[in-house]
Amino acid sequence: AGAINLITKQPEKKEWDASAQVFYESVGVFNADARVQIPLQGQQTLSLSGGRNFFDGWSPEEVGQRDLQWNQKEQVFGRAAYQRKQGPWRLNYELRLFEELIKDKGDRRSAFSNYAFDNWFTTYRFDNQVRLDRNFNDRYKLDVMAAYNWFRRDNVQYNRDLVNVSQEINPDPTPHDTTHSTLFISRGTLSTMLKDAVWNYQVGYEASYETGGGKRIAGNYQFIGDYALFGSVQWKPIASFSLQPGMRISYNTAYTAQPVPSVHAAWNPSEKWQVRASYARGFRAPSIKELHIEFIDANHNIVGNPELQAEYAHHADFSAELKLQDDRGVHSLKIKPGLFFNQLDNMIELAQVQGSQFSYVNIIQATTAGAQLELTYGIHPDFNFTTGATYLYQSYLLADQHADFESPEIRFGFEYWRPSKRFGFSMNYKYAGRTPQLTLPGDEVELSSMDDFHWLDVSATQKFWGDKWSLTIGGRNLFDVQNLNSNGAAGVHGGGGSVPMAWGSSLFSSLKWNL
């Protein structure tokens, strides 16, 4: 039902700035956008941006086919942001407008028919957010945010005449639908910011109120409110160590919320080393979208589930980071190992009904645990190598089934930049192992697995005319990943199926201009 971005990058420059970009991809993607930043009188800044994204649709067997696996999609969007600083106060306002049209074209009704049904899904979204913050004598900081999101989706079915190339709205009202939702959210914090103090504190609130309406929603209208108070204490007995316990208490109008404690620890024994550890309980109530709204995307048809239950969880993670650099600053190495554990009761997840149709379901219990390692080596200013590996263990408990999965992932990236030639090249590779796939062939959720796959992207960039222009060309998905098989006795269609993963390999190019 749309999302509100609670963290927005603020403009740093106080001068005119502008950029524009066009992008083309060989599968039928044509995108264009532009941005301008305008300094105003005093400490004020106005930023404007907008653009259009277009995708012509794609299927593996596209010739002569109307019912595409990836639907045609067009998006038009705009953004305006205003910032003002007045003494210790800082005000930020942001407005976003978005319109999307997805055309789900149908095949001929029969081999001898000249007619087909086309469904057009039009989405309108309006987001605006205001944020106010102030420092009080470098001792306290007040930060308050309020945001409002309005969402509407129209589903109109047309009767398409394939001979006369004309269409008219289907007089049957059954397939037509208009769904709308709103979300208001406000969050405020008051924090101490004493640099050398042993103790610092933060208290705050968060309130949200979400509504949804439409003929496919029970009673044509539903709402959910969530109201929370939270606080944390930071204890820093020495400069290199801090411990921060916290607590969040909330009330949800539709589900029983429980207190959510957390604790975070940080240790920096030297400039080279950082160590982090954390634990937190979790509570997440289903959103109006997950409960009631049908969502159509380029390759997904997601149907809400009004029977969803709230999700409760335990989260724990540990990470360390070691940074090494030679005396000249030419060679650098970063090593980052990590461990994580998550246990979720009534986990909310998507399950495949068939083909590209999905629905939200609850999993009785899901456990994930794993380890990861990332290595980054750089030779300034020309080369940067990144490699990483993750081992993931997943366990799922369903009503009449239990299954364990082990899924490795390997990543490798390489970047080369030649300053004297203003030329760069990059390559990114990923191997993803077998992963669990939830399916819903009947009334009960079942488990299968999706095949592993390899992914490779490459690109080259040339800058010219004083770095104001940059041209990038490249290839995506060079291993031509399209549909991943879903295997196992619990698979779709009685033991097997497929999930659309990507639209195969493609070539792309982009041209960007900066003021």
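Scoring rules and cut-offs
Residues numbered from 1 in each chain as written. Predicted model: local features only at pLDDT ≥ 70, side-chain atom pairs only at ≥ 80, totals over all residues. Heavy atoms only, no water. Helix = DSSP H or I, 4+ residues; strand = E, 2+ residues; numbered from the N terminus. Contact = heavy atoms within 4.5 Å. Lys, Arg positive; Asp, Glu negative; His and termini not counted. Charge placed at Lys NZ, Arg CZ, Asp CG, Glu CD. Core = buried A, V, L, I, M, F, W, Y, C linked by side-chain atoms within 4.5 Å. Buried < 20%, exposed > 50% of the residue type's maximum accessible area, 1.4 Å probe, protein only. Patch = residues over 30% accessible without salt bridge, like charges linked within 9 Å, V, L, I, M, F, W, Y side chains within 5 Å. Areas by Shrake-Rupley, 256 points an atom, 1.4 Å probe, with all protein chains shown as cover. Salt bridge = Lys/Arg side-chain N within 4 Å of Asp/Glu carboxyl O. Phe/Tyr/Trp six-rings, centres within 6.5 Å; stacked < 30°, edge-to-face > 60°.

Caption draft 1: Examining the overall build of the protein more closely. For the protein, the count of helices and strands is 2 helices and 29 strands. Considered along the principal axes of its C-alpha atoms, the protein spans approximately 80 × 60 × 50 Å. Within the protein, contacts between residues separated by at least 24 positions form 57% of all contacts whose residues are at least 6 apart in sequence. With 49 positive and 56 negative side-chain charges, the protein shows a spacing of 10 Å between the two charge centroids.

Caption draft 2: Representation of the nonpolar core. Counting residues in hydrophobic clusters, the biggest one holds 22 residues, and the most contacted among them are Tyr 255 and Phe 283. With near-sequence residues (within four places) excluded, Phe 283 lies in contact with Asp 226, Ser 250, Tyr 255, Thr 256, Ala 257, Val 260, Ala 310, Glu 311 and Tyr 312.

Caption draft 3: Focus on a nonpolar patch on the surface. On the surface, Tyr 148, Phe 184, Tyr 209, Tyr 221, Phe 223, Tyr 227 and Tyr 251 cluster together into a nonpolar patch covering about 700 Å² of accessible area. Among the elements that take part in the nonpolar patch, strand β11 (residues 221–238) stands out by supplying 3 residues, more than any other. Along the polypeptide, Tyr 209 turns up in strand β10 (residues 199–213).

Caption draft 4: Highlighting the pattern of salt bridges. Enumeration according to the criterion identifies 18 salt bridges in this entry. One salt bridge connects Glu 100 with Arg 153, and the closest N-O pair in it is separated by 3.4 Å. Linking Glu 100 in strand β5 (residues 89–105) with Arg 153 in strand β7 (residues 140–161), this pair joins segments that are 53 residues apart in sequence. Side by side, Glu 100 and Arg 153 carry an identical accessibility label, which is buried. We note a salt bridge from Glu 311 to Arg 284, for which the minimum N-O separation is 3.9 Å. Of this pair, Glu 311 sits in strand β17 (residues 311–325) while Arg 284 sits in strand β14 (residues 273–284), and the two are 27 residues apart along the sequence. One network of salt bridges, with partners in common, ties together Arg 79, Glu 94 and Arg 96.

Caption draft 5: Representation of unusual backbone geometry. Residue Pro 381 is bonded to the preceding His 380 through a cis peptide linkage, with omega at -5 degrees. Within the element layout of this structure, Pro 381 appears in the loop between β19 (357–379) and β20 (383–397). You will see that Asn 346, though not glycine, has its phi angle at about 60 degrees, which is positive. Counting through the fold element by element, Asn 346 comes out in strand β18 (residues 331–354). Since its relative accessible area comes to 27%, Asn 346 is described here as partly exposed. Of note, the phi angle at Asn 477 is positive, near 50 degrees, even though the residue is not glycine.

Caption draft 6: Main features of the environment of Lys 336. Assignment of secondary structure puts Lys 336 in strand β18. Residues Lys 336 and Ser 26, 310 residues apart in the sequence, show an inter-C-alpha distance of 37 Å. Leave out the neighbours within four places in its chain, and Lys 336 touches Ala 320, Glu 321, Gln 372, Leu 373 and Glu 374.

Caption draft 7: Here's a closer look at the packing of aromatic side chains. Per the stated rule, a full pass over the model turns up 19 aromatic pairs. Between Trp 120 and Tyr 158, the ring centres sit 4.9 Å apart and the planes meet at 55 degrees, which makes this aromatic pair tilted. Here Trp 120, found in strand β6 (residues 115–136), pairs with Tyr 158, found in strand β7; they are 38 residues apart in sequence, far enough to count as distant. What links up through ring pairs into an aromatic cluster is the set Tyr 377, Phe 383, Phe 385, Phe 414, Tyr 416 and Phe 425.

Caption draft 8: Inspection of the environment of Thr 45 at higher detail. By the element assignment, Thr 45 lies in strand β3 (residues 44–55). In this structure Thr 45 comes out as buried when scored by relative accessible area, which is 1%. Linking Thr 45 and Asn 477, residues 432 residues apart in sequence, is a C-alpha distance of 40 Å.

Note that every value here comes from positions in space, so none of it alone points to a role or purpose.
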